[in-house]
Amino acid sequence: VFKLSSSGANWNLSVLHDFGTNSTDGHVPVASLVEAMDGALYGTCSSGGRFAGGTIFKMNKDGSGYEIVHHFGAQSTDGKNPQAALVVGGDGAFYGTACLGGELGLGEIFKVSPVCALAFDTQRRLAVTGPPGWKWQIQSTESLTPPQWTPKKNVVRRVDPLLVDPAVFHLPLHLQQFFRVVLIE
C-alpha cells in the first residue's frame, strides 16, 4: 500500500505497508482501498492469510494500525480469492465478492460486519469496545426465550473503550438483564 502526495510541484511516494511480512499476512492486493466510517482504510488481498484464501485488512491513513480483519478459506464453503474492492453499505458492513469457494466452489458474495463487545468492569460500568467512530445502540432484555430487545442508549465509541454507567439504564441491581450492542450507522 502506498500514499502519493504532492508538495507544490513535487510528488512524494510513501510506502505504508509491504505485504507478506509474516506467514499469516495477505498477498497480492489487486483491488483499490475503501475508507470506512471509522476513517480507516480497508482492502483485500487475493491470496495468503492464515488459510491461503486471501484476507481483508485494515490500516490507518498513515500506515499505522495494520491488522487482518478476516482470513478467507477457513471452511470448505468459505469464499476464497477476493479480487474486487470492498463496498461499504449503509449499515456499515463491508460487501464484496470472492471468485472461488462458496458452496459450489464458484465464488460468493460476502458481508463482513464490524464487531463490538460488551463487558462490565470492576465498577459495574458497561465497557463497549469495537471500531472507533461507529454508532452503536445498547439494548437489553430480561429473557432470552424469546428475547425482546429494548433500546437503552446510543453510543459512539472514539478511541478508548467507552464506559457507560449502569445508572444510565435505570435497572434494579437484583434484576437479571442480558445486553447486546447493535450497529445502527
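This section reports on the structure supplied with the text. For every chain, the first residue of the written sequence is number 1, and numbering continues from 1 along that sequence. Two thresholds apply to this predicted model, a pLDDT of at least 70 for residue-level local features and 80 or more for giving and counting side-chain atom pairs, whereas whole-chain, interface and lining totals are computed over all residues. Excluding hydrogens and water, the side-chain figures rest on all heavy atoms present in the structure.

1. A short note on the packing of aromatic side chains
Selection rule: Two rings from Phe, Tyr or Trp (for Trp, the six-membered ring) form a pair when their centres are within 6.5 Å of each other. A pair whose planes differ by under 30 degrees is stacked, one over 60 is edge-to-face, and the rest are tilted. The numbering of helices and of strands both runs from the N terminus, where a helix is a DSSP run of H or I of at least 4 residues and a strand a run of E of at least 2. The buried label applies to any residue whose accessible area, calculated with a 1.4 Å probe on protein chains only, is under 20% of its type's maximum; exposed applies above 50%, and partly exposed to all values in between.
Applying the stated criterion across every chain, the model contains five aromatic pairs. On the basis of an interplanar angle of 65° and a centroid distance of 5.0 Å, the ring pair of phenylalanine 72 and phenylalanine 110 is categorised as edge-to-face. Placement of the pair is phenylalanine 72 in the loop between strand 8 (67–71) and strand 9 (79–82) and phenylalanine 110 in strand 12 (residues 108–112), with a sequence separation of 38 residues. We note that phenylalanine 72, like phenylalanine 110, is buried. Among the aromatic residues, those joined into a ring-pair cluster are Phe19, Phe57 and Tyr66.

2. Considering the nonpolar core
Rules: Residue types Ala, Val, Leu, Ile, Met, Phe, Trp, Tyr and Cys, when buried and joined through side-chain atoms within 4.5 Å, form a set referred to as a nonpolar core. In what follows, a contact means two residues having at least one pair of non-hydrogen atoms within 4.5 Å.
By size, the foremost hydrophobic cluster in this structure holds 11 residues: Val34, Ala36, Ala40, Tyr42, Ile56, Phe72, Leu86, Phe94, Ala98, Phe110 and Val112. At the level of secondary structure, the elements contributing two or more residues to this core comprise strand 11 (94–101) and strand 12. Residue contacts for phenylalanine 72: discarding those within four places in its chain leaves Phe51, Gly53, Gly54, Thr55, Ile56, Asp78, Gly79, Lys80, Pro82 and Phe110. Leu16, Leu41, Cys45 and Met59 belong to the second largest nonpolar core, which has six residues in total.

3. Brief notes about the pattern of salt bridges
Worth spelling out the cut-off: Note on definitions: salt bridges are taken to be side-chain nitrogens of Lys or Arg within 4 Å of carboxyl oxygens of Asp or Glu.
This structure, assessed with the given rule, holds one salt bridge. Of the charged contacts in the structure, one is a salt bridge between lysine 61 and glutamate 35, with a shortest N-O distance of 2.8 Å. In this pair, lysine 61 is assigned in the loop between strand 7 (55–59) and strand 8 and glutamate 35 in strand 4 (residues 34–35), connecting sequence segments 26 residues apart. We classify lysine 61 as partly exposed; its relative accessible area is 42%.

4. So, the sheet that holds strand 7
Threshold: Only strands joined by at least two bridges in the DSSP assignment are considered to pair.
Overall, antiparallel pairing links the four strands, which are arranged 4-5-7-8 in an open sheet. Only two strands of the sheet have a single neighbouring strand rather than two, namely strand 4 and strand 8. Pairing of strand 7 with strand 8, which is carried by four bridges, proceeds in the antiparallel orientation. Paired with lysine 58 across the strands is glutamate 67, a residue of strand 8.

5. Regarding the environment of valine 28
Residue placement: valine 28 occurs in the loop between strand 3 (26–27) and strand 4. In this structure valine 28 touches Cys45, Ser46 and Ser47, once residues within four positions along its chain are discounted.

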